Amino acid sequence: MIDKNHVISAFQQYTAAYNPTDPKIRLKIDHTYRVAGLCSRIGAEAEADPDLSWLCGMLHDIGRFEQVKRYNTFVDADSVDHATLSCELLFDEGLIELFAPDLDSVSLHYLETAIKNHSLYRLPQGLTEAEIMYCNVLRDADKID
């Protein structure tokens, strides 16, 4: 079970450190909430867990805030791959504990896979059906917004 109120509170706490009045930061905060809502709806239709789908949307661009801080751009080609940075922050540096400390290992795997691949033109070969489903839910929601 994902505690959405906790995730939202943690997200607000996290983004507060990046000056949420900055137009670039505000844009990504607003985008995050829209994508999370879309992920929940698309995930339910795709028979994915709508709460895990929602969490994918909430965390997919967590690296964007650091990207803006470090490089003052959203252009990956001019800075870093934001999906990779999101995964490094969340899963390598342990930031996921702030947002979802009780998430099971299977859900963590789907979350990381979806975030890592959300900005790729094509998904890599060899993903399972469930991995593809979560990737597509996030990619579709992100593109719609």
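Conventions adopted
Residues numbered from 1 in each chain as written. Predicted model: local features only at pLDDT ≥ 70, side-chain atom pairs only at ≥ 80, totals over all residues. Heavy atoms only, no water. Helix = DSSP H or I, 4+ residues; strand = E, 2+ residues; numbered from the N terminus. Patch = residues over 30% accessible without salt bridge, like charges linked within 9 Å, V, L, I, M, F, W, Y side chains within 5 Å. Areas by Shrake-Rupley, 256 points an atom, 1.4 Å probe, with all protein chains shown as cover. Salt bridge = Lys/Arg side-chain N within 4 Å of Asp/Glu carboxyl O. Lys, Arg positive; Asp, Glu negative; His and termini not counted. Charge placed at Lys NZ, Arg CZ, Asp CG, Glu CD. Buried < 20%, exposed > 50% of the residue type's maximum accessible area, 1.4 Å probe, protein only. Axes fitted to C-alpha atoms, helices over the stretch in contact; angles between N-to-C directions. Parallel < 35°, antiparallel > 145°, perpendicular 65-115°, else oblique. Left-handed = near helix turned anticlockwise from the far one by under 90°. Contact = heavy atoms within 4.5 Å. Polar contact = N/O pair within 3.5 Å; in protein donor to acceptor, adjacent residues only side chain to side chain.

**Q** Explain unusual backbone geometry to me, using residue names and the numbers behind them.
**A** Backbone geometry places Asn19, a non-glycine residue, at a positive phi of 60 degrees. Within the secondary structure layout, Asn19 lies in the loop between helix H1 (4-16) and helix H2 (23-45). With a phi close to 55 degrees, Asn72 is a non-glycine residue in the positive phi region. By the element assignment, Asn72 lies in the loop between helix H4 (62-71) and helix H5 (82-92).

**Q** How would you explain a negative patch on the surface if you had to name every residue and give the values?
**A** A surface patch of negative charge is lined by Asp81, Glu88, Asp92 and Glu93. The topology assignment puts Asp81 in the loop between H4 and H5. Using a relative accessible area of 33% as the deciding quantity, one classes Asp81 as partly exposed.

**Q** Please provide a residue-by-residue account of the packing of helix H3 (residues 50-59) against helix H7 (residues 105-117), values included.
**A** Packed helix pairs are specified by the crossing angle of their axes together with the interaxial distance, meaning the distance between the axes. With their axes 10 Å apart at the nearest point, H3 and H7 run at an angle of 45 degrees to one another. What the angle tells us is that H3 and H7 run oblique. Classified by chirality, the crossing of H7 by H3 is right-handed. Contacts from Leu52, Leu55, Cys56 and Leu59 of H3 reach H7 at Ser107, Tyr110, Leu111, Ala114 and Ile115.

**Q** Now, about the environment of Asn72: what can you tell me, with residues and values included?
**A** Look at Asn72 and you get exposed, because its relative accessible area is 51%. Not counting residues up to four positions away in its chain, the partners in contact with Asn72 are Lys24 and Gln67.

**Q** Would you mind going over the side chain of Asp61 in detail, with residue names and values included?
**A** Mapping Asp61 onto the fold places it in the loop between H3 and H4. In this structure Asp61 comes out as buried when scored by relative accessible area, which is 2%. A polar contact of 3.3 Å, which involves the side chain of Asp61, links it to the side chain of His31. A polar contact of 3.2 Å, which involves the side chain of Asp61, links it to the side chain of His60. For Asp61, the residues in contact, after removing those within four places along its chain, are Lys28, His31, His82, Ser86 and His118.

**Q** Any details on the environment of Thr15? Residues and values, ideally.
**A** Turning to its location among the elements, Thr15 is positioned in helix H1. Judged by its relative accessible area of 4%, Thr15 falls in the buried class. Leave out the neighbours within four places in its chain, and Thr15 touches Pro20, Ile29 and Phe65.

**Q** Go over the pattern of salt bridges with me, naming the residues and quoting the values.
**A** Side chains that carry opposite charge are capable of pairing whenever their charged atoms lie near each other. Going through the model one piece at a time under the given rule, you end up with 6 salt bridges. Salt-bridge contacts for Arg26 lead to Asp30; the nearest nitrogen and oxygen are separated by 3.2 Å. Taken together, the positions of Arg26 and Asp30, both in helix H2 and 4 residues apart, correspond to about one turn of that helix. Arg26 gets classed as partly exposed once you look at its relative accessible area, which sits at 36%. The partly exposed category is assigned to Asp30, whose relative accessible area is 31%. Across the pair Arg34 and Asp145 runs a salt bridge whose closest N-O atoms are separated by 2.4 Å.

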